[in-house]
Amino acid sequence: MAQYLFVKFGAPYLRSLSDSILKLIYPSSCEQCGCRLNSGWSICASCRDAFLEVRQPMCSVCGRCYEGAISSEFDCPNCRQRKLAFDFARAAYQGSEETLSLVHQFKYQRQIHLSKELGRLTSIALTDSRFSPYLEHGILIPVPLHWRRYRKRSFNQAEEIARSLTALRNDLTMLNALRRIRYTETQTDFSRAKRLQNLKGAFEVNTKYLQHIKQRPLILLDDVFTTGATANECAKTLRQAGASSVAILTLVRS
Ligand SMILES: [Zn+2]
Ligand SMILES: [Zn+2]
């Protein structure tokens, strides 16, 4: 039966069906603190309040938040000395213990059911008016995983967040236009220079989607923006394939 449903309606259908069945058996509770929930969210309002939204003043390129009363637009010292392939990066939340542990739960503890929530949280970044020209075409491209890592994790976190965003907003379409063609080591402990080198030539555009991205502004989506090395390499690949511009959207700016 499950196999029949999978073939007929696909994984998302099965997922929402199993979600509904689970909700009948277990009443919802907050994913973070365990309190009883009766709203449509799976994280309670007080846990969400602990997440720090990205706010001004922030670097107009990498989206890093700064303290103080800077009222004019500025680029941080890091961005000033880099030649970047994307226009700007904008996250919904700042990297904190709470937001990073949520991403960790999702990604490494395989709590894939959190994707709906993470999509909803990510969507608040789209209120930034710089996304307006991007939303006219509404093309959302998730940062891809190499198939070996995909097989290990069984899902691509960026793709799941993108899917949840497109379910939420009808002005967005997900396009799996990028492929990771080189298996790269996990970069967590690398310096920026080493990250850049590690990623060179790691991505390619799926030729099937070339027409869809040519001369179009594209939104590249990932879970976390740290140094921006991955996002920049993806943006470079998309620009070389003809994209007019690339903006980066992430859940967290760490
Ligand atoms: Zn809670
Ligand atoms: Zn910056």
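This report concerns the structure included in the present document. Residue positions are given per chain, counted from 1 along the sequence in the order it is written. Chains carry letters and ligands carry numbers; both start at the beginning, A for chains and 1 for ligands, and go up in the order they are written. Local features in this predicted model are restricted to residues of pLDDT 70 or higher, and side-chain atom pairs are both shown and tallied only at a pLDDT of 80 or more, whereas totals for entire chains, interfaces and linings draw on every residue. The basis for the side-chain values is all heavy atoms of the structure; hydrogens and waters are excluded.

1. Notes on the environment of L165
Our working definition: Here a strand is any run of E in DSSP of at least two residues, a helix any run of H or I of at least four, and the numbering for each starts at the N terminus.
Note on placement: L165 falls in helix α9 (residues 157-168). Each C-alpha atom, one on L165 and one on E117, is 9.5 Å from the other, the two residues being 48 residues apart in sequence.

2. Considering the packing of helix α6 (residues 115-122) against α9
Under the convention used in this document: Lines fitted to C-alpha atoms define the axes, with helix axes restricted to the stretch in contact, and inter-axis angles between N-to-C directions lie between 0 and 180 degrees. Between 65 and 115 degrees an angle is taken as roughly perpendicular, under 35 as roughly parallel, over 145 as roughly antiparallel, and anywhere else as oblique. Crossing handedness is read from the near helix: turned anticlockwise from the far helix by less than a right angle, it gives a left-handed crossing, and turned clockwise, a right-handed one. Contacts between residues were defined by any pair of non-hydrogen atoms, one from each residue, lying within 4.5 Å. Charged means Asp, Glu, Lys or Arg here, nonpolar means Ala, Val, Leu, Ile, Met, Phe, Trp, Tyr, Cys or Pro, and polar covers whatever is left, Gly included.
Remark: α6 packs on α9, axes separated minimally by 8 Å, with the N-to-C direction vectors making an angle of 70°. Taken as axis vectors, α6 and α9 run roughly perpendicular relative to one another. Once α6 is placed against α9, the crossing between them reads as right-handed. Taking contact as the criterion, the partners of S115, K116, L118, G119, R120 and T122 in α6 are, on α9, E160, I161, S164, L165 and L168. Of the residues in the contact of α6 with α9, the class split is four nonpolar, four polar and three charged.

3. With respect to the coordination of the zinc ion (ligand 2)
Here is the rule: A donor here means an N, O or S atom no more than 2.8 Å from the metal, or no more than 3.2 Å when the metal is Na, K or Ca. Since water is not included, a site may seem to lack partners. Note on geometry labels: four donors, all angles 85 to 135 degrees, give tetrahedral; four donors become square planar and six octahedral when opposite donors are over 155 degrees apart and every other angle is between 65 and 115; remaining cases are irregular. Remark: exposure states derive from per-residue accessible area (1.4 Å probe, protein chains only) relative to the maximum for the residue type, with buried under 20%, exposed over 50%, and partly exposed in between.
Protein coordination at the zinc ion (ligand 2): the donors are C59 (SG), C62 (SG), C76 (SG) and C79 (SG), at 2.3 Å from the metal. Every donor counted, the four donor atoms about the zinc ion (ligand 2) form angles of 106 to 114° at the centre, which fits tetrahedral coordination. When the donor residues of the zinc ion (ligand 2) are listed from N- to C-terminus, their spacing reads C-x2-C-x13-C-x2-C. With C62 in the loop between α3 (45-49) and α4 (77-80) and C79 in helix α4, this residue pair connects regions lying 17 residues apart in the sequence. Judged by its relative accessible area of 5%, C62 falls in the buried class. By relative accessible area, which is 6% here, C79 ends up buried.

4. Observations concerning the coordination of the zinc ion (ligand 1)
Here the zinc ion (ligand 1) is held by C30 (SG), C33 (SG), C44 (SG) and C47 (SG), and the distances to it run 2.3 Å. Geometry at the zinc ion (ligand 1) is tetrahedral, judged from its four donor atoms and the angles of 104 to 115° they form at the metal. Of note, the donors binding the zinc ion (ligand 1) are all from one chain and are spaced C-x2-C-x10-C-x2-C.

5. Concerning the environment of L118
As for its position among the elements, L118 is in helix α6. As a C-alpha pair, L118 and I43 span 75 residues in sequence and 10.0 Å in three-dimensional space. The contacts of L118, once residues within four sequence positions are left out, are L102, F106, I161 and L251.

6. Digging into the side chain of E117
Positionally, E117 belongs in helix α6. Once you skip the residues sitting within four places of it in the chain, E117 turns out to touch W41, S42 and I43.

7. Quick word on the sheet that holds strand β3 (residues 173-174)
Going by this rule: Two strands are said to pair when DSSP picks up at least two bridges between them.
Pairing in this open sheet of five strands is parallel, and the strands run β1-β7-β6-β2-β3 from one edge to the other. Bordering the open sheet on either side are β1 (88-94) and β3, each of which pairs with just one other strand. For strand β6 (residues 217-225) and strand β7 (residues 245-253), the ladder comprises eight bridges, and the chain directions are parallel. Considered in β7, the bridge of L220 is made with I248. Where helix α12 (residues 229-240) meets the sheet, it contacts β2 (139-142), β6 and β7, and its direction lies at approximately 165° from that of β6.

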